[in-house]
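# Observations on chain architecture
In case you want the letters, here they are:
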Protein chains: 2
Amino acid sequence: MVIAPLEELKQDIEKVEAELQSVVEQRAGALRSAAEMMFCTGGKRLRPALVILVAKLFGAPKSGIYRIAAAIEMIHGASLIHDDVIDSTEVRRGAPTMNAIKGNQFSVLLGDFLLCQALLAVSELGRVDLLQVISQGVADMTQGQILEAQFQGDVTVSEETYMEVVDGKTSALMAAGCKLAALYSDATPAQVQAASDFGRNLGHAFQIVDDILDIWGDPAVLGKPVGSDLQEQKYTLPFLMSYGSSAEDEREEVHKLLANGSYPGEHIPELVKWMDRHQGRARASERATQYTLAAQSALEVLPVSKARDDLAQLVDFLVERQK
Amino acid sequence: MVIAPLEELKQDIEKVEAELQSVVEQRAGALRSAAEMMFCTGGKRLRPALVILVAKLFGAPKSGIYRIAAAIEMIHGASLIHDDVIDSTEVRRGAPTMNAIKGNQFSVLLGDFLLCQALLAVSELGRVDLLQVISQGVADMTQGQILEAQFQGDVTVSEETYMEVVDGKTSALMAAGCKLAALYSDATPAQVQAASDFGRNLGHAFQIVDDILDIWGDPAVLGKPVGSDLQEQKYTLPFLMSYGSSAEDEREEVHKLLANGSYPGEHIPELVKWMDRHQGRARASERATQYTLAAQSALEVLPVSKARDDLAQLVDFLVERQK
């Protein structure tokens, strides 16, 4: 699918790629080849695009914005690499993961390296406020991941706790990226707050849509089997909402389905039927829509501009992809 | 063994502990208990002591120095946790490791979290120069660890490459800690450079002494079996020097000893005998002494003070412990 705002950012994204490339080129040996492998596989570059569009709300961006966008992408990459080590994931979006190719040892270190490199890149812009935002964003992200690990396998997690996990693991970095872009563009404090709120609500919506697609999406598009989260004992919003409205005997049935099965994922179709009965998809989707509306209303505080229209369109696209 | 300069720093170190504690208290749940576990097991706090002593070269330290010292200790802790995941180490200094207690998943994330928290703590001091030094230090440290991983199991590594590994994995953080302390104490550029050189050379000496103790030390003092590095296929300076001066047939013999053995570590006594024949210990020890002399001569550029005498004494202690 072609997303118009992302297509139009091609030239900007090329500058981000050049920043990523310069990090790669400073290094030698295994580090270089791994970083190359990582950055050349591409990815949507959704986070860099967000950073650049938010900066464009305030006029033509200063050149440091590409460094900030690259830093956010490096942190995202580092977290994916560590995630895959943690979950022993072998395939992501149809391609083998770093740990599958290079082993856990190397992957843990590469993640650490990318994290530091991202902070170093931002520190070179010489502004303490930017560094505080990015460091806080990464610390919050990590805390969200720890919370997720802590509740993995627990079907009784509340929706509030689940949204706390989402807030950390997904939204914190998006909020930080948007906040950084506004700060770096010398926005007013109210605009900086609105940019951060926009990123946070978009992150919430984005993650819920991801959760829905993991269950009801097209495996060919996802590049992974349906129900991966369930197989990893990650119970996401559609599951938790359905569990919340299930009677005791139905819950017992769900426990049994989760505990048994002669091969991994055997009972996923039955679990999906159960969630369908409880309108898990529709209810989660409605929640995602609430967050996209909140993201859209945060945009209203920000300068009227083409960038603002593009951001609004990007939000719509993220909801549409699951319908 | 009582080290006078460290004993006298007791009150300062308590302030560092309070900084570490405040990081713990901001968090809840599993993160809190793990951080508590980590910081309560103590450790020598050698790196915080170095930071504080370097600051004291320039008079009574400002209160932020305890935050810097705590940040360096957190980064050190994070690197140990990730190291133990990577090497699947179960016991460190006589106590079970974080991965042995909490699993790899949690340990990877805890390391990430501590890293970010350390950078965040320094960012709160509001000085970009400090953040650049610490981010660069961590990036260099990680690169050294990656280099080490890359050459693990390779007996033909040159001494130069080995020292490059040491420079990254051990010395970079010590150099960064000393440099930060001088920068934060408003030292002149020449003094900042001298403090950094001091830390770097001390790090080199410290690591070589560690390597020697791993082979010839007292396992009761070390809290781990003799020859752990060899068992992990980490070939350190005494080994590499001995290999360098071995004839082809002796090398063949070494290859055989490394490849065979009906239980782990079976051939370590024979390998030690081989290194003894090549004076591996004495030659590595001499190299360590060269670095301690370089550290001492870096001190000469720094202000005459009790702190300077203490730093000199600390250097001597580090060499003495392996004699």
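The coordinates are above.
Conventions and cut-offs
- Residues numbered from 1 in each chain as written.
- Chains lettered and ligands numbered in written order.
- Predicted model: local features only at pLDDT ≥ 70, side-chain atom pairs only at ≥ 80, totals over all residues.
- Heavy atoms only, no water.
- Helix = DSSP H or I, 4+ residues; strand = E, 2+ residues; numbered from the N terminus.
- Rg over C-alpha atoms; globule rule 2.2 N^0.38 Å.
- Buried < 20%, exposed > 50% of the residue type's maximum accessible area, 1.4 Å probe, protein only.
- Contact = heavy atoms within 4.5 Å.
- Areas by Shrake-Rupley, 256 points an atom, 1.4 Å probe, with all protein chains shown as cover.
- Lys, Arg positive; Asp, Glu negative; His and termini not counted.
- Charge placed at Lys NZ, Arg CZ, Asp CG, Glu CD.
- Buried area = accessible area lost by both parts, 1.4 Å probe.
- Polar contact = N/O pair within 3.5 Å; in protein donor to acceptor, adjacent residues only side chain to side chain.
- Nonpolar A, V, L, I, M, F, W, Y, C, P; charged D, E, K, R; others polar.
- Expected span 1.5 Å × (residues − 1).

### Considerations on the overall build of chain A
- The helix and strand inventory of chain A stands at 16 helices and two strands.
- Taken over C-alpha atoms, the radius of gyration comes to 20 Å for chain A, in line with the 20 Å a tight globule of 323 residues would show.
- For the C-alpha atoms alone, the extent of chain A along its principal axes is close to 60 × 50 × 35 Å.
- Looking at the 323 residues of chain A, the share that counts as buried comes to 58%.
- Across chain A, contacts joining residues at least 24 apart in sequence account for 75% of those joining residues at least 6 apart.
- Here chain A has roughly 13,000 Å² of accessible surface; of this, 50% comes from carbon and sulfur atoms.
- Looking at charge distribution, chain A has the averaged site of its 30 positive side-chain charges lying 4 Å from that of its 45 negative ones.

### Some points on the interface of chain A and chain B
- At the interface, 38 residues of chain A touch 38 residues of chain B.
- In total, about 3,400 Å² of surface goes out of reach between chain A and chain B, with carbon and sulfur atoms giving 71% of it.
- Together, Gln105, Leu109 and Ile146 of chain A form the three largest contributors to the area buried by chain A at its contact with chain B, with a combined 18%.
- Counting across the interface, chain A meets chain B through four residue pairs in polar contact (both at pLDDT 80 or more).
- Listed by contribution, the elements that provide at least two residues to the side of chain A that touches chain B are helix 3 (29-40), helix 5 (64-87), helix 6 (98-123) and helix 7 (128-151) of chain A.
- The dominant element in the side of chain A that touches chain B, judged by the number of residues it contributes, is helix 7 of chain A, at 14 residues.
- Classifying every residue of the side of chain A that touches chain B gives 18 nonpolar, 14 polar and six charged.

### Things to note about helix 13 (residues 248-259) of chain A
Residues and elements named next belong to chain A.
- In this model helix 13 runs 17 Å from its N-terminal to its C-terminal C-alpha over twelve residues, within 8% of the 16 Å that 1.5 Å per residue would give.
- Residues of helix 13 that are buried in the fold lie against helix 12 (237-244) and helix 14 (268-277).
- Gly261 occupies a position one or two residues after helix 13 and carries a positive phi of about 130°.

### A look at helix 5 of chain A
All names here are of chain A.
- Along its 24 residues, helix 5 runs 35 Å from first to last C-alpha, staying within 8% of the 34 Å computed at 1.5 Å per residue.
- The buried fraction of helix 5 is high, at 21 of 24 residues.
- Positioned one or two residues after helix 5, Ser88 has a phi angle of 50°, which is positive.

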